[in-house]
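Survey of secondary and tertiary structure
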Amino acid sequence: MRRTLCILGGLACGVALSQFPEYAQQYTQRLGGAVDELRIITTDFDRAAVEAGLTRPQALDHYGDSDDAFLVDRGRSMEATFARYAELSATLSLIEGAGAAERFTLLPQFFDTEIGGRALDNFKPAMPVTMEGFAYAGAGFLIGYLVLSAITRVLLLPFRRRHRHTV
């Protein structure tokens, strides 16, 4: 009975962990899409600044120097957009350059709540048919089996039969 429970726990954990590569892929695709859109905005702003004979900081200063509150706010918004573009681009580069095990540790660290939440909302589980998926499934099974084995062993400890040695 204990072994069956541990195998079932291992299978459940294996199936759950095998979904990480698919989620990571879907997250990376969404992150890449956000970076692409921010790149378009950034490139367009920089192009317009160059056409006006300005650098990006000079163009942003024009917004900030305005007496119009709307333009000042737009300048701040563009600065935030450029910062987000830089941050998400760096995150995407790290995730894309990471190996399977490293991605597992990096993704939570760089988890963008908006992008990660949307990826999770639309996540569709997938059958792992890659080596990475099989590796995560195997690791999940092993972890689940060992954890449940340890838990059941501890919980059943008071019910173990004690053999008395008679001399």
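Given the structure is predicted, the values throughout are model-derived calculations rather than measurements.

Calculation rules
Residue numbering note: each chain is counted from 1, following its sequence as written. Residues qualify for local features only when their pLDDT is at least 70, as the model is predicted, and side-chain atom pairs are given and counted only at 80 or more; totals for whole chains, interfaces and linings, by contrast, use all residues. To obtain the side-chain values, all non-hydrogen atoms of the structure were used and water was disregarded. Between Lys or Arg on one side and Asp or Glu on the other, a salt bridge is scored when a side-chain nitrogen of the former is within 4 Å of a carboxyl oxygen of the latter. Every helix listed is a DSSP run of H or I at least four residues long, and every strand listed is a run of E at least two residues long, numbered separately from the N terminus. Buried means the residue's accessible area, taken with a 1.4 Å probe over protein chains only, is under 20% of the maximum for its type, while exposed means over 50%, and partly exposed covers the values in between. By this rule, a helix spans an expected 1.5 Å times one less than how many residues it contains. Note on contacts: a residue pair is in contact if any heavy atoms of the two residues lie within 4.5 Å.

Quick word on the pattern of salt bridges
Side-chain pairs of opposite charge can arise whenever the charged atoms involved come near each other. The tally for this structure, following the rule as stated, stands at eight salt bridges. In this structure, the salt-bridge partner of Arg47 is Glu51, at a minimum N-O distance of 3.1 Å. In this pair, Arg47 and Glu51 both sit in helix H2 (residues 20-51), four residues apart, roughly one turn of the helix. Relative accessible area serves as the criterion here: at 60%, Glu51 is assigned to the exposed category. Between Asp73 and Arg76 there is a salt bridge, with the nearest N and O atoms lying 3.1 Å from each other. Within this pair, Asp73 and its partner Arg76 are both found in helix H4 (residues 69-97), separated by three residues, close to a single helical turn. Accessibility expressed as a relative area gives 45% for Asp73, which makes it partly exposed. Here the salt bridges share partners, and the residues they tie into one network are Asp44, Arg47 and Glu51.

Focus: helix H1 (residues 2-18)
Working note: α-helix, 3.6 residues per turn, so residues spaced by three or four point in the same direction. With 17 residues, H1 extends 24 Å from end C-alpha to end C-alpha; this agrees with the ideal 24 Å at 1.5 Å per step. Elements that come into contact with the buried residues of H1 comprise H2, helix H5 (100-109) and helix H7 (131-156).

What to know about the environment of His62
The topology assignment puts His62 in helix H3 (residues 56-65). For His62, a relative accessible area of 52% puts it in the exposed group. Expressed as a C-alpha distance, the spacing of His62 and Gly117, which sit 55 residues apart in the sequence, is 36 Å.

In short, shape yes, function no, at least from these values alone.
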